[in-house]
Amino acid sequence: MAMTIAGFQGTVSETQWAQIMTAVAQKYTLTSGDPVRSSGRTLLIDPRASVGAGVLVATDTLTSVTVPAPATGQWHLLVLRRTWGASRSAQYMLIPGATGPNSAQTAPPTTLPAGRNQSVGVVDDEPVAWVYARSGTTELQLWQLSERVVEGTFTTALAGSVATASGWYYQDQTQVLFSTPFSRPPRLLFSTETPWGAVQVDQLFEVTGAGFRLRSIRLGVQPIPTKGSFRAIGPV
């Protein structure tokens, strides 16, 4: 496997710098790649690129990490460890978490293991996925933690509105779809613009991993179509 690392002290190409700067809005961003998958007790990480703490790590082939067989239920946190200083390295690895019952789980822990490194500039562990292993079976449960950013624009489409007793009109908009779906509903920032002088509220609702909808509200008259943009951040 070839791993390309850029962002440590040394040379950064213009392409690598562009990828890094595109992702600086949050600490960790998956700029390309698919969710982690498993085969038996082996985690399979397809080629991907991730920016964390200003360091881009990109792989061009499949990376595998073996999950040890537990005596009972066992949580592991899959991380991408970045090490600064003389090492200037990156590695996918497991950090053991808490033990649990030898049965399938419905949700991952709400806190990350104490063994996770968080010293940016020294050693820092980027969370990639929660993994739950059980004895007597090779089946692994995975919860994705890597997050990607999806941005886009939209124009609302109106097809009639509903008047309320208080004089407000509202119109539910058609769904805006993400160019790349998320595994769970993302965090979403959006803005809309209306012609000068128009007083209208565009509310966000029905956010899913596939997209979202808007509800336009206006006093006294029917809502008007608006243009907008969004930035969604969520799990792959």
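Since the model is a prediction, treat every value here as computed from it, not as a measurement. (Residues numbered from 1 in each chain as written. Predicted model: local features only at pLDDT ≥ 70, side-chain atom pairs only at ≥ 80, totals over all residues. Heavy atoms only, no water.)

## Brief notes about the packing of aromatic side chains
What the rule picks out here adds up to eight aromatic pairs. Both rings, one in Trp-75 and one in Trp-130, keep their centres 5.6 Å apart while their planes meet at 75°; by these two values the pair is edge-to-face. One end of the pair, Trp-75, is in strand S8 (residues 73–83); the other, Trp-130, is in strand S11 (residues 123–133), with 55 residues separating them in the sequence. By the burial criterion, Trp-75 is buried, and Trp-130 matches it. Relative to Phe-212, the ring of Phe-154 has its centre 5.9 Å away and its plane inclined at 80°; by these criteria the two rings are edge-to-face. (Phe/Tyr/Trp six-rings, centres within 6.5 Å; stacked < 30°, edge-to-face > 60°. Helix = DSSP H or I, 4+ residues; strand = E, 2+ residues; numbered from the N terminus. Buried < 20%, exposed > 50% of the residue type's maximum accessible area, 1.4 Å probe, protein only.)

## Regarding the sheet that holds strand S13 (residues 147–155)
Read from one edge to the other, the open sheet built from three strands follows the order S13-S20-S17, with strand pairing classed as antiparallel. Each end of this open sheet is capped by a strand with a single partner; those strands are S13 and strand S17 (187–193). Each neighbouring strand pair of the sheet contributes to a mean axis angle of 10°, computed without reference to strand direction. (Pairing = 2+ DSSP bridges. Axes fitted to C-alpha atoms, helices over the stretch in contact; angles between N-to-C directions.)

## Quick word on the confidence of the model for the protein chain
Looking at the protein chain as a whole, the pLDDT averages 86, with 89% of positions reaching at least 70. No element of the protein chain has a lower mean pLDDT than strand S15 (residues 168–172), which averages 67, and none a higher one than strand S4 (residues 42–45), which averages 98. (pLDDT = per-residue confidence, 0-100.)

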